[in-house]
Amino acid sequence: MASAKKSSADFIAAAQSILASNDEHGRKQMFEAAMQAMALLETPQDTVWRMIMSPHAPSALMALIRAGVIQEIAQSNSPSSADHLAKASGADRLLIVRLLRPLNALGVVKETSQEEYAPTAITKALLDRALLGGYQFMFSAATRSLANLPFYLEKTGFKHVEGPPGPFQDAHNTQDNMFPWLVKDPPMMGNFNALMTGQRADRKQWFDFFDVNQVLLKGAKTDPDAPLMIDIGGGEGHDISEFHKRYPDAPGRLVLQDQPPVIDSIQELTPKIEREKYDFFQPQPIKGARCYYFRSIFHDWPDADCIKILKNTAEAMTPGYSKLLMSEFVLPASNTPLYPALLDVNMMAVLNGMERTEAQFSHLLEAAGLKVVKFWSVGGEVEGLVEAVLET
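My aim in this report is to walk through the structure given alongside it, one point at a time. Keep in mind that what you see is a predicted model, and the values were worked out from it rather than measured. Note on numbering: residues in each chain are counted from 1, in written sequence order. Restriction of local features to residues with pLDDT of at least 70 applies here, the model being predicted, together with a cutoff of 80 or more for giving and counting side-chain atom pairs; totals for whole chains, interfaces and linings are based on all residues. Hydrogen atoms and water are omitted, and side-chain values are computed over all heavy atoms in the structure.

From N to C terminus, the protein includes 18 helices and 12 strands. Our radius of gyration is a C-alpha quantity, and the globule rule it is checked against amounts to 2.2 Å times the number of residues to the power 0.38. Radius of gyration (C-alpha) of the protein: 24 Å, near the 21 Å computed for a compact globule of 392 residues. Viewed in the frame of its principal axes, the protein has a C-alpha envelope of about 70 × 50 × 50 Å. Note on contacts: a residue pair qualifies if any of its non-hydrogen atoms lie within 4.5 Å across the two residues. A fraction of 65% describes how many contacts in the protein between residues 6 or more apart in sequence connect residues 24 or more apart. Of the roughly 20,400 Å² that the protein leaves accessible, carbon and sulfur atoms contribute 56%. His is not counted, nor are the chain ends, whereas Lys and Arg count as positive and Asp and Glu as negative. In plain terms, the charge of a residue is placed at NZ if it is Lys, CZ if Arg, CG if Asp and CD if Glu. Charged side chains of the protein number 37 positive and 47 negative; the gap between the two group centres comes to 1 Å. Helix numbers and strand numbers start at the N terminus; a helix is a DSSP run of H or I with at least 4 residues, a strand a run of E with at least 2. Only the protein chains shown count as cover for residues, and the accessible areas themselves come from Shrake-Rupley with a 1.4 Å probe.

Here the focus is the sheet that holds strand E5 (residues 253-258). By the convention used here, strands pair only if DSSP detects at least 2 bridges between them. Overall, mixed pairing links the 7 strands, which are arranged E6-E5-E4-E7-E8-E12-E11 in an open sheet. The open sheet has two edge strands with one neighbour each: strand E6 (273-277) and strand E11 (370-376). Strand-to-strand, the axes of this sheet are offset by a mean angle of 20°, without reference to chain direction. Across 5 bridges, the pairing between strand E7 (residues 291-295) and strand E8 (residues 323-328) is parallel. Within E8, the residue paired with Phe 294 across the bridge is Met 326. Fitted lines through C-alpha atoms give the axes, limited to the stretch in contact for helices. The angle between two N-to-C directions lies from 0 to 180 degrees. Docked against the sheet, helix H18 (residues 358-367) engages E8, E11 and strand E12 (384-390), running at close to 150° with respect to E11.

Each regular strand carries side chains that alternate between the two faces of the sheet. Along E5, 5 of the 6 residues are buried, which leaves the element largely enclosed by surrounding structure. By the bridge criterion, 5 bridges tie strand E4 (residues 227-232) to E5 in an arrangement that is parallel. Looking at the pairing, Ile 230 lines up with Val 255 of E5. In the classification by handedness, the crossover that spans E4, the intervening helix H14 (residues 238-246) and the parallel E5 is right-handed. Bridge count between E5 and E6: 5 bridges; the pairing is parallel. Its bridge partner being in E6, Leu 256 is matched across the sheet by Arg 275. Consider the strands pointing away from the viewer: the crossover is right-handed when the path from the first strand over the helix to the second runs clockwise. Regarding the hand of the β-α-β motif, the stretch spanning E5, helix H15 (residues 260-265) and E6 is right-handed. Here the term buried applies to any residue with accessible area under 20% of the maximum for its type, exposed to any over 50%, and partly exposed to those in between, with areas from a 1.4 Å probe on protein chains only.

Turning our attention to the sheet that holds strand E1 (residues 80-81). Read across the open sheet, the 3 strands follow the order E1-E3-E2; overall the sheet is antiparallel. The outermost strands of the open sheet, each flanked by one partner alone, are E1 and strand E2 (109-113). Across the sheet, helix H7 (residues 93-105) touches E2 and strand E3 (116-119), and the angle it forms with E2 is around 110°.

Take the pairing of E12 next. The element E12 is largely enclosed, with a buried count of 7 among its 7 residues. Pairing of E8 with E12, which is carried by 5 bridges, proceeds in the antiparallel orientation. Among the inter-strand pairings, Met 326 is bridged to a residue of E12, identified as Val 386.

Put into structure tokens, the structure is as follows:
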């Protein structure tokens, strides 16, 4: 017992030291070690019970976000009483107390004294637009579909999801794909855009591990009217903006393309980047660009739709000059890490889509008259880059 206590104390002390040093690499190593230790120490029964009880706290959090209680706690620098939270939000006092219990146990809030709640770093983080919007989108769109997924698959005889109508349509009682469904709900579309922008901001940029100078800029046309990079389905323009910041003197046009509601919602974008309303299921209007870039697009769609998108792009490409780049998770053939494995199930439930292996990406590209040049990767836990050109 004494040895276990000392070992535990030593580990906590080491973790605190790493945090104090602001060593992000060290923090991730310690976190991985903690997860490995949990896997070793947790009994099979503990694991199953943890999974059984996993939906409860997220449901409580969503209810309190919808009521405005979490925002009220987060905006205060001192504890808020249950009475105050009930008055501020209009929610029932006892309901607030009950829903906050699991969140206090998880550290989302801190109960400083009986029915007095102070914000923690997690509460404060939930004020971030990407996290607050992302949580609401995932709970509203994804969680319903995921909860319904087993029953939908049972109705189909457990057939693989190849396209609509799929789990999302079944759960939400709609014929719409998720994107048309979002267009009809502007606040939820705002939550989705916030999620996408936040995800992109936190991820490693493709040009950090891709040889932009050698593969794209070398040999690119220097005419200022020549299209250099087309960011297709690029949302609010995070990726192409970061590319411009990194390569401000790169020659040629930079164009952001997306659906009209997305383009219309953009609040800030450098004038250097052109905005164009475009549906990638239609022919690509910009011909002969050096680079056609997609980030997290193809995992949204089943194979048949992906091939349509790729063919539309291939028809606009110039042989021997144009490149097609896809920033996506590229799954290993076996032993997929947890996050991309979960994301794959999410894509199935929400969009009838999927994460793909190298072989699956090669199949899609070949079907559209393209071929892989190289799979660029920095590890299975993060997105890689698929570089492709026209098959000649």
